Amino acid sequence: MTPLFARLTIAGVGLVGGSLAAAVRAAGLAGEVVGFGRTEANLRLAEERGLADRVTRAALAAAFRPHARAGALLTDVGSVKQTLVAELEAAWSGVGPVVGAHPIAGSEASGAGAARADLFRGRRCILTPTPATDRAALARVRALWEGVGARVEEMPPAVHDELLARVSHLPHLLAYALVAAVGEQTIAGRRALDYAGTGFRDTTRVAASPAELWCDIALANAPALGAALGEFRAVLDRLERLVGARDAAGLAAALAAARALRGRLRGEE
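Residues numbered from 1 in each chain as written. Predicted model: local features only at pLDDT ≥ 70, side-chain atom pairs only at ≥ 80, totals over all residues. Heavy atoms only, no water.

Between helix α5 (residues 157–182) and helix α8 (residues 222–244), whose axes approach to 9 Å, the crossing angle comes to 65°. For the pair α5 and α8, the sense of crossing is right-handed. Contacts between α5 and α8 involve Asp161, Glu162, Ala165, Arg166, His169, Leu170, Leu173 and Leu174 from the former and Ala224, Leu225, Ala227, Ala228, Leu229, Glu231 and Phe232 from the latter. A per-class count over the contact of α5 with α8 returns ten nonpolar, one polar and four charged. (Axes fitted to C-alpha atoms, helices over the stretch in contact; angles between N-to-C directions. Helix = DSSP H or I, 4+ residues; strand = E, 2+ residues; numbered from the N terminus. Left-handed = near helix turned anticlockwise from the far one by under 90°. Contact = heavy atoms within 4.5 Å. Nonpolar A, V, L, I, M, F, W, Y, C, P; charged D, E, K, R; others polar.)

The structure is reproduced here in structure tokens:
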């Protein structure tokens, strides 16, 4: 079978990039997989694990442009799409097509050591075409993600950013905020964090994610995330009022409504 891509070059062979490399190799979707990265240790680990056919260091993705073949397709896995896709289309103009993509898969783990070939199996991957998107390139990127087991759908970049602000970016900031709110508090000489159980640990799991990454994501999607934070603050204020008023009926109704919504998450209906 002829591979979908003769060569697939992945900039950043960490959790997502490394998992894509492993999945592509396992499915035979590329004749050669090349991994680029910034740190020698992570690249060495990616090579040792067989995630790529060869690896090399590169400080910036922008350095690829002078060496790209005419027609080279550029895609990404970023969590924010509107500004990024526009910038990529401008930067890659005259080289080849650009297709925005975001696989909704991952964990708080990072680096090539966390990569696994089944990361995207059964998970959603959103493609964000624009009026400038080449339809043939879009079809190839769809085939790539479907080939590694993802469920692919398309939507405009702005819609993607509004949705992900609420179901991904906001929860990450809230996890960081919850840990910060407890902080180093001591009560009667006892450090509160020492008594954290599974509920606190589960709720704040994503606060173990790389801070630099989530700072960049939050700032890149600031308008939509700001709106989402305002929506959350309104709900939190209401809960505070209900608790302060000792309104058992109102609080129970609010929590029951939230519980019912939580039960509608995919796979838990």
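Assignment of secondary structure puts His169 in helix α5. Residues His169 and Leu225, spaced 56 residues apart in sequence, show a C-alpha to C-alpha distance of 6.9 Å. Discounting chain neighbours no more than four positions away, the residues touching His169 are Ser79, Val80, Leu164, Trp214, Ile217, Asn221 and Leu225. A polar contact is formed between the side chain of His169 and the side chain of Ser79, at a distance of 2.7 Å. (Polar contact = N/O pair within 3.5 Å; in protein donor to acceptor, adjacent residues only side chain to side chain.)

This part is about the pattern of salt bridges. Within the structure shown, the criterion is met by twelve salt bridges. Linking Glu32 and Arg7 is a salt bridge whose minimum nitrogen-to-oxygen distance equals 2.9 Å. Of this pair, Glu32 sits in strand β2 (residues 30–37) while Arg7 sits in strand β1 (residues 5–11), and the two are 25 residues apart along the sequence. Residue classification places Arg7 among the partly exposed positions, given a relative accessible area of 38%. Residues Asp194 and Arg191 are paired through a salt bridge, measuring 2.9 Å at the closest nitrogen-oxygen approach. In the salt-bridge network here, residues are joined through shared partners; they are Arg7, Glu32 and Arg54. (Salt bridge = Lys/Arg side-chain N within 4 Å of Asp/Glu carboxyl O. Buried < 20%, exposed > 50% of the residue type's maximum accessible area, 1.4 Å probe, protein only.)

Taken in spatial order, the three strands line up as β6-β7-β8 in an open sheet, and their pairing is mixed. Sheet topology places β6 (101–103) and β8 (151–154) at the edges, where each strand pairs with a single neighbour. Neighbouring strand axes in the sheet, compared pairwise and without regard to direction, differ in orientation by 20° on average. When β6 meets strand β7 (residues 124–127), the two strands line up antiparallel, connected through three bridges. Its bridge partner being in β7, His102 is matched across the sheet by Ile126. (Pairing = 2+ DSSP bridges.)

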